Protein chains: 2
Amino acid sequence: MRIEQLSSSISIKRDIDQGTEEQRKVVTSIISDVKTRGDQALLDYTQKFDGVTLSNLFVTKEEIEEAYKLVDDEMISIIKEATDNIREYHELQRRESWMMERSDGTRLGQKITSLDAVGLYVPGGTAAYPSSVLMNVIPAQVAGVERIVLVSPPQRETGMLPPAVLVAADMAGVTEMVKVGGAQAIAALAYGTESIPPVDKITGPGNIYVALAKREVFGMVDIDMIAGPSEIVVLADETASAAEVAADLLSQAEHDALSSAVLVTTSKRLAENVAEEVEAQLSTLPREEIARESIEQNGVIYLASSMQEAVQAVNSLAPEHLEIMTDDAESIAEGIRHAGAIFIGRYSSEPVGDYFVGTNHVLPTNGTARFSSPLSVDDFIKKSSIIIYSKEAMEQNAAKIASFAREEKLEAHARAVEIRLKGE
Amino acid sequence: MRIEQLSSSISIKRDIDQGTEEQRKVVTSIISDVKTRGDQALLDYTQKFDGVTLSNLFVTKEEIEEAYKLVDDEMISIIKEATDNIREYHELQRRESWMMERSDGTRLGQKITSLDAVGLYVPGGTAAYPSSVLMNVIPAQVAGVERIVLVSPPQRETGMLPPAVLVAADMAGVTEMVKVGGAQAIAALAYGTESIPPVDKITGPGNIYVALAKREVFGMVDIDMIAGPSEIVVLADETASAAEVAADLLSQAEHDALSSAVLVTTSKRLAENVAEEVEAQLSTLPREEIARESIEQNGVIYLASSMQEAVQAVNSLAPEHLEIMTDDAESIAEGIRHAGAIFIGRYSSEPVGDYFVGTNHVLPTNGTARFSSPLSVDDFIKKSSIIIYSKEAMEQNAAKIASFAREEKLEAHARAVEIRLKGE
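None of these values were measured; they are calculated from a predicted model.

1. Some words on the overall build of chain A
Right, on to step 1. On a plain count of helices and strands, chain A comes out with 16 helices and 14 strands.
Right, on to step 2. Its C-alpha atoms give chain A principal-axis dimensions of roughly 85 × 60 × 45 Å.
Right, on to step 3. With 424 residues in all, chain A has 63% of them scored as buried.
Right, on to step 4. About 15800 Å² of surface is accessible on chain A, with carbon and sulfur atoms providing 48% of the total.

2. With respect to a negative patch on the surface
Right, on to step 1. Taken together, A:E21, A:E22, B:E21 and B:E22 make up a surface patch of like negative charges.
Right, on to step 2. At the level of elements, α1 (21-37) of chain A together with α1 (21-37) of chain B are the ones that each hand at least two residues to the negative patch.
Right, on to step 3. Residue position: B:E21 is located in helix α1.
Right, on to step 4. For B:E21, a relative accessible area of 54% gives the class exposed.

3. Here we look at the sheet that holds strand β7 (residues 201-203) of chain A
Backbone-to-backbone hydrogen bonds pair the strands of a sheet. The strands run either parallel or antiparallel.
Residues and elements named next belong to chain A.
Right, on to step 1. Strand order in this open sheet of five strands is β6-β5-β4-β7-β8, and the pairing throughout is parallel. Looking along the sheet, the strands with just one partner apiece sit at the ends: β6 (176-178) and β8 (222-223).
Right, on to step 2. Bridge analysis of strand β4 (residues 117-121) against β7 gives three bridges, and the strand direction is parallel. Across the sheet, the residue bridging to V118 is K201, located in β7.
Right, on to step 3. Each of β4, β7 and β8 touches helix α8 (residues 208-217); the most contacted strand, β7, lies at about 160 degrees to it.

4. Focus on the environment of B:D379
All names here are of chain B.
Right, on to step 1. As for its position among the elements, D379 is in the loop between α14 (350-355) and β14 (381-388).
Right, on to step 2. What makes D379 partly exposed here is its relative accessible area of 24%.
Right, on to step 3. Measuring from C-alpha to C-alpha, the distance between D379 and A143 comes to 8.6 Å, with 236 residues separating the pair along the chain.
Right, on to step 4. In contact with D379, not counting residues within four places along its chain, are L115, K201 and P374.
Right, on to step 5. A distance of 2.8 Å separates a polar atom in the side chain of D379 from the backbone nitrogen of S376.

5. Let's talk about the nonpolar core
Right, on to step 1. The biggest cluster of nonpolar side chains holds 144 residues, and the ones touching the most others in it are A:V133, A:L134, A:L150 and B:Y389.
Right, on to step 2. Non-local contacts of A:L150, meaning those with residues more than four positions away in its chain, are made with A:L120, A:V122, A:V133, A:L161, A:V165, A:A169, A:V174, A:E176, A:M177 and A:V178.
Right, on to step 3. Listed in part, the 69 residues of the second largest apolar core include A:A393, A:L410, B:A67 and B:F343.

6. Description of the UniProt feature "binding site: NAD(+)" (unreviewed entry) in chain A
All names here are of chain A.
Right, on to step 1. The feature "binding site: NAD(+)" (unreviewed entry), as annotated in UniProt, sits at Y121, Q184 and N207 in this numbering. In terms of the greatest pairwise C-alpha distance, the residues named above, spread along 87 residues, form a tight cluster of at most 12.6 Å across.
Right, on to step 2. Within the fold, Y121 resides in strand β4.
Right, on to step 3. The exposure class of Y121 is buried, given its relative accessible area of 4%.
Right, on to step 4. Aside from chain neighbours lying at most four places away, what touches Y121 is V151, P153, G181, G182, A185, I186, T203, G204, P205, G206 and V210.

7. Examining the interface of chain A and chain B
Right, on to step 1. The interface of chain A with chain B comprises 130 residues on the first partner and 130 residues on the second.
Right, on to step 2. For the pair chain A and chain B, the summed buried area comes to about 11800 Å², and 55% of that belongs to carbon and sulfur atoms.
Right, on to step 3. By the criterion of area lost to chain B, the three top residues of chain A are A:Y347, A:F404 and A:R420, representing 7% of everything that side buries.
Right, on to step 4. At the boundary of chain A with chain B, the tally comes to 20 salt bridges.
Right, on to step 5. The partner of B:D378 in a salt bridge is A:K383, and the shortest N-O contact between them spans 2.5 Å.
Right, on to step 6. For the side of chain A that touches chain B, the per-class residue count stands at 58 nonpolar, 31 polar and 41 charged.

8. Overview of the sheet that holds strand β12 (residues 321-325) of chain B
Right, on to step 1. The mixed open sheet is built from nine strands, whose spatial order is β2(A)-β3(A)-β14(A)-β13(B)-β12(B)-β9(B)-β10(B)-β11(B)-β1(B). In this open sheet, the two edge strands, each paired with only one partner strand, are β2 (98-101) of chain A together with β1 (3-5) of chain B. Between one strand and the next, the sheet's axes are offset by a mean angle of 20 degrees, whatever the strand orientation.
Right, on to step 2. Running at roughly 55 degrees to strand β10 (residues 260-265) of chain B, helix α11 (residues 288-298) of chain B makes contact with β10 and β11 (300-303) of chain B of the sheet.

9. Regarding the UniProt feature "binding site: substrate" (unreviewed entry) in chain A
Right, on to step 1. Annotation from UniProt places "binding site: substrate" (unreviewed entry) at A:S230, A:Q252, A:H255, A:H321, A:D354, A:E408 and A:H413. Considering the C-alpha atoms alone, the annotated residues occupy 184 residues of sequence and remain spread out, their largest mutual distance being 56.7 Å.
Right, on to step 2. If sequence neighbours within four positions are ignored, A:H255 has contacts with A:Y129, A:S230, A:R287, A:I290, B:L410 and B:H413.
Right, on to step 3. With respect to the secondary-structure elements, A:E408 resides in the loop between α15 (391-407) and α16 (411-422).

10. Focus: the relation of the copies chain A and chain B
Put simply, the two copies of the chain differ by a rotation about an axis and a shift along that axis.
Right, on to step 1. Of the transformation superimposing chain A on chain B, the axial component is 0.0 Å and the angular component is 180 degrees, with the fit at an RMSD of 0.0 Å. The symmetry that links the two subunits is that of a two-fold axis. In terms of proximity to the rotation axis, the leading residue of chain A is A:R215, whose C-alpha is 3.6 Å off the axis.
Right, on to step 2. A symmetric contact is evident, with 100% of the interface residues of chain A recurring at the interface of chain B.

11. Structural notes on the pairing of strand β12 (residues 321-325) of chain A
Residues and elements named next belong to chain A.
Right, on to step 1. When you tally the buried positions in β12, you get five out of five residues, the bulk of the element.
Right, on to step 2. Burial along β12 is two-sided: the face carrying H321, E323 and M325 and the face carrying L322 and I324 are both buried.
Right, on to step 3. Relative to β12, strand β9 (residues 231-236) is paired through five bridges, and the arrangement is parallel. Looking at the pairing, V233 lines up with L322 of β12.
Right, on to step 4. Across four bridges, β12 lies against strand β13 (residues 341-344) in parallel orientation. Across the sheet, residue H321 finds its bridge partner in β13, namely A341.

12. Considering helix α9 (residues 242-253) of chain B
Residue and element names in this part refer to chain B.
Right, on to step 1. The end-to-end C-alpha distance of α9, which contains twelve residues, comes to 16 Å, matching closely the 16 Å that a straight helix rising 1.5 Å per residue would cover.
Right, on to step 2. Extensive coverage of α9 is indicated by the burial of eleven of its twelve residues.
Right, on to step 3. Along α9, the residues that are buried comprise A242, E244, V245, A246, A247, D248, L249, L250, S251, Q252 and A253.

13. Let's talk about the side chain of B:E254
Right, on to step 1. Mapping B:E254 onto the fold places it in the loop between α9 and β10.
Right, on to step 2. Of the side chains bearing the opposite charge, B:R287 lies closest to the buried B:E254, which forms no salt bridge; the N-O distance is 4.2 Å.
Right, on to step 3. At 2.6 Å, the side chain of B:E254 and the side chain of A:H413 are in polar contact.
Right, on to step 4. In this structure B:E254 touches A:L410, A:E411, A:A412, A:H413, B:R287, B:I290 and B:A291, once residues within four positions along its chain are discounted.

14. Structural notes on the domain arrangement of chain A
Right, on to step 1. Its domain assignment divides chain A into domain 1 (3-14 + 229-357), domain 2 (21-223) and domain 3 (389-422).
Right, on to step 2. For domain 2 of chain A and domain 3 of chain A, the distance between their C-alpha centroids amounts to 46 Å.

15. Regarding the packing of helix α4 (residues 73-91) of chain A against helix α6 (residues 163-172) of chain A
All names here are of chain A.
Right, on to step 1. Interaxial distance between α4 and α6 falls to 10 Å at its minimum, and their mutual angle equals 40 degrees. Between α4 and α6, the angle is such that the two are oblique. Read as a crossing pair, α4 and α6 show a hand that is right-handed. Here I76, I79, K80, T83 and R87 of α4 come into contact with α6, specifically with V167, A168, M171 and A172.

Cut-offs applied
Residues numbered from 1 in each chain as written. Chains lettered and ligands numbered in written order. Predicted model: local features only at pLDDT ≥ 70, side-chain atom pairs only at ≥ 80, totals over all residues. Heavy atoms only, no water. Helix = DSSP H or I, 4+ residues; strand = E, 2+ residues; numbered from the N terminus. Buried < 20%, exposed > 50% of the residue type's maximum accessible area, 1.4 Å probe, protein only. Areas by Shrake-Rupley, 256 points an atom, 1.4 Å probe, with all protein chains shown as cover. Patch = residues over 30% accessible without salt bridge, like charges linked within 9 Å, V, L, I, M, F, W, Y side chains within 5 Å. Salt bridge = Lys/Arg side-chain N within 4 Å of Asp/Glu carboxyl O. Lys, Arg positive; Asp, Glu negative; His and termini not counted. Charge placed at Lys NZ, Arg CZ, Asp CG, Glu CD. Pairing = 2+ DSSP bridges. Contact = heavy atoms within 4.5 Å. Axes fitted to C-alpha atoms, helices over the stretch in contact; angles between N-to-C directions. Polar contact = N/O pair within 3.5 Å; in protein donor to acceptor, adjacent residues only side chain to side chain. Core = buried A, V, L, I, M, F, W, Y, C linked by side-chain atoms within 4.5 Å. UniProt positions renumbered as here; feature names shortened; annotations may be inferred. Buried area = accessible area lost by both parts, 1.4 Å probe. Nonpolar A, V, L, I, M, F, W, Y, C, P; charged D, E, K, R; others polar. Least-squares fit on C-alpha atoms with pLDDT ≥ 70 in both. Expected span 1.5 Å × (residues − 1). Domains from an automatic or database assignment. Parallel < 35°, antiparallel > 145°, perpendicular 65-115°, else oblique. Left-handed = near helix turned anticlockwise from the far one by under 90°.

Below, the structure written as structure tokens:
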């Protein structure tokens, strides 16, 4: 892993994948086809892209029961414990409606309600992670969403979804599971078909076609942030264990070659030891090839001349995951403004959050921690403003409101308040 | 205004404006040009589209001082009072970071920080509303955003922005004002130029080019919901005043021909009286032509056979603005799940919220109240998860976390937790 002196400011050139013209055309044409032909289009695309001929779009109760038999009991109990932890943390995110009152009798407030229906996209293949199902479904369920629809492409060999995904979905509270993936699944969730009523929001990662389709339907429904490759930044000083830091960097690097693992440290010795440990541990990993490519392409150890400079670099990177393994790590954490999740101290290794502790692992990637947040209960509620204006307030202020409206040349607005003064 | 019996379910066919192929091409080419040529591209497009040759992209301090002289003192004091009211309401939306602790010593939490920089788009022409400036800027300012950049096309005649817009922007706390509009302004905010550092989020309405550009840069920066035409639904019974209901419907209709004004009522007599009043009041409005077209195209009075049926209809419509003028209006409001703002009682006329009372007038349109919310302080903060895992918890759970990771075939994740058990 290469070691670089940290320059006063890290310059990061970010951009987003907008797809090729060809990919964009494919996506708009699939969406318009699903709008027109509904379920039949879903069946046709599933045959074409997934090589599966479905007799039923939906996963049946029997298939879910079968899935429980295919996953071993210890795993089921671990999923259950993780589910409880995730639910506990997310329940603390619940928000209450509120009202305030002014001395003139006017009352204002904010009413919180849950979304009615949401859709979760689960990618096919090896990226169909049961942990991701928990992380997407539980916040919606805690928010009070009544209808939670999972969509995912069926596996070519079995025509089914992976058993562990079905178990996690069932445990977390999914109410419908649909065996459809790709842009066609996104179109079905946004516009509805004969058998799938539309939802209000779509979350979950996917390939470029899924990402483009989400961008396209944004506005008809809400979507979560479009996810990029995963990243970790470890901020460490001489007190950290090189072996542990290296292990954490590699746990990110094994995701895929585009993942990035970065160490920012004030210790030259730690830098050198981590570089060695990464090399040593790499050669024993089953996904060595992927991890090695990620480390070579995107891995870097920045040597900072002070902790202050190091913290500033972390804020510029705005990482998805940040681990702080330093003396007095909690104080250092106070200086962090931009990071999806902040893991503090030696035992707070990233996989603790990926799977088990209860925080959400759906986190802002590609520097979007500058403006977006971990998936949370907030993503599945919405607010309505409440206005109860008093007679006294209207008498006091009607003329001012009317003047403001007339300043904007909106006469009917002015009259709507003035007419209140005329009444009996 | 036509009167219709409410059928058991209102069927609403919604869609979003994705622009024409030509418009989409124009937008992607402008964005890529601004990315390449920066400020010079902004100057060129402003000359081409707005007919103004700028010597300086930024509004100067002198121009702001001049604007204060051009707006009359009474208006300035009304803007000031509105600003105070809006700030008071939005300060109640502030949120605190929190931590929880488990018996094994693990601590989890959520850290709240503001965005660093945001951009506000203000449309040109008659839609350059000072009230909208207040509504977009104040929540950002209350959230703690340090850099608030306003962008708006200069007026052809003066080369300036409207004085009342400059005054509102200055009062609310805008830190930079840029005389550029259109897709080029959105590109500059998202990617930055030599003189305009990029922002983290862009809010504010605009024409189809602005809307498409916002959709295109979403992911580089956050954006607010893409706004459609404004709508009001009034829910009223026989206790409401027909003249007041009509005035409120017309205040929506005067915005533009695409606006929609709907009355849902259980009273046949009110329905008939409102239809008459609308006609009578229409003929006296300066914007009669626009309001008449809106009422004719999109205005409707639904006659419901029960209040329960009426409430259900309102929830299907998920209106931007809802007024409830009925007996015991507060109880009726409890049944409303989907509405941007709920105005309760006779004195809660929509313009009260548009201008003055303190709630935000940037509200979800086109049925998006099903999943989105009034603009608020929440839109200008983000959250980071905090994880402080204890040694005891790691000893207890490392094996389970490792099993979960291996279920997902992520061996390096498993080892990252297991290595913590080996340490000194």
